[in-house]
Amino acid sequence: MVTAYLDRHPGEREAVTGLLAALDASVEPTSRTTLPTHLTCSAVVIDRHRRVLHIRHKASGGLLLAPGGHVEADDDTLLAAALREVKEETGIPASALVLTPEFRDEPIDIDVHAIGPNPARGTAAHRHYDVRFVFYLADGAPELALQAEEVTGSA
């Protein structure tokens, strides 16, 4: 998946050098305990009016482009992790999301961002390589049901 992404976006190879190294290492790149870097997944959700869902994440306080988070052990694929995160954070089920014909099950972006240390959780500063998929919201999708533990608002 990363190779196909870099074939489409060769100028991003330098930005994902750490990810390529993590994929070549003997550790699980999707585990949140893999440091100094690991993969996360998110989903850009576009409605029929071409509006993009943004969520306000409780931990960072920032307005984020897409619902997302860490890959869990029972996620079969990175795409499945992104779909699960949308459901958890917004209440939108996978059945209400349609892969875009432009990207299908390939990521639209691999975002690289630094995560500061969190002494309360016992985590050191590290880096996320966030694999972002894009979906259209199907007609008849349910209203948002934001998860209060992680999400404080949406736009």
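Each remark here, short or long, concerns the structure printed above.
What this report covers is the structure whose coordinates are included nearby. Fair warning: this is a prediction, and the values are worked out from it, not measured in the lab.

Structurally, Leu-20 can be placed in helix H2 (residues 17-24). Judged by its relative accessible area of 25%, Leu-20 is partly exposed. It is 8.2 Å that separates the C-alpha atoms of Leu-20 and Val-2, two residues lying 18 residues apart in sequence. Leave out the neighbours within four places in its chain, and Leu-20 touches Val-2, Leu-6 and Arg-13.

All right, on to the pairing of strand E1 (residues 37-46) then. Counting buried residues in E1 gives 10 out of 10 residues, a clear majority hidden from the surface. Judged by which residues are buried, E1 turns out to be covered on both faces: Thr-37, Leu-39, Cys-41, Ala-43 and Val-45 on one side and His-38, Thr-40, Ser-42, Val-44 and Ile-46 on the other are all buried. As defined by bridge partners, E1 adjoins strand E7 (residues 126-137) across 10 bridges and the pair is classed as parallel. The partner of Val-45 across the bridge, within E7, is Phe-135. In the sheet, E1 pairs with strand E4 (residues 68-70) via 3 bridges, with the strands oriented antiparallel.

Once that is clear, we can look at the sheet that holds strand E8 (residues 151-154). The strands making up a sheet associate through backbone hydrogen bonding, with each pair oriented either parallel or antiparallel. As summarised here, the arrangement of the 3 strands in space is E3-E2-E8, forming an open sheet in which the pairing is antiparallel. Both edges of this open sheet fall to strand E3 (63-64) and E8, since each of them pairs with a single strand only.

On to the pattern of salt bridges, then. Within the structure shown, the criterion is met by 10 salt bridges. Arg-32 is the partner of Glu-72 in a salt bridge, and the nearest nitrogen-oxygen pair spans 3.3 Å. With Glu-72 in the loop between E4 and helix H3 (78-90) and Arg-32 in the loop between H2 and E1, this pair connects stretches of sequence that are 40 residues apart. Judged by its relative accessible area of 32%, Glu-72 is partly exposed. Note on Arg-32: relative accessible area 41%, which makes it partly exposed. Note that Arg-84 is salt-bridged to Glu-88, the shortest N-O span being 3.0 Å. One end of the pair is Arg-84 and the other is Glu-88, both in helix H3 and 4 residues apart, which spans about a single turn. For Arg-84, a relative accessible area of 16% corresponds to the buried category.

Here Ala-43 shows up in strand E1. Ala-43 sits in the buried class, given a relative accessible area of 0%. A C-alpha to C-alpha distance of 19 Å links Ala-43 and Gly-61, two positions 18 residues apart in sequence. Setting aside residues up to four positions removed in sequence, Ala-43 forms contacts with Ala-66, Pro-67, Ala-82, Val-86, Phe-133 and Phe-135.

Calculation criteria
Residues numbered from 1 in each chain as written. Predicted model: local features only at pLDDT ≥ 70, side-chain atom pairs only at ≥ 80, totals over all residues. Heavy atoms only, no water. Helix = DSSP H or I, 4+ residues; strand = E, 2+ residues; numbered from the N terminus. Buried < 20%, exposed > 50% of the residue type's maximum accessible area, 1.4 Å probe, protein only. Contact = heavy atoms within 4.5 Å. Pairing = 2+ DSSP bridges. Salt bridge = Lys/Arg side-chain N within 4 Å of Asp/Glu carboxyl O.

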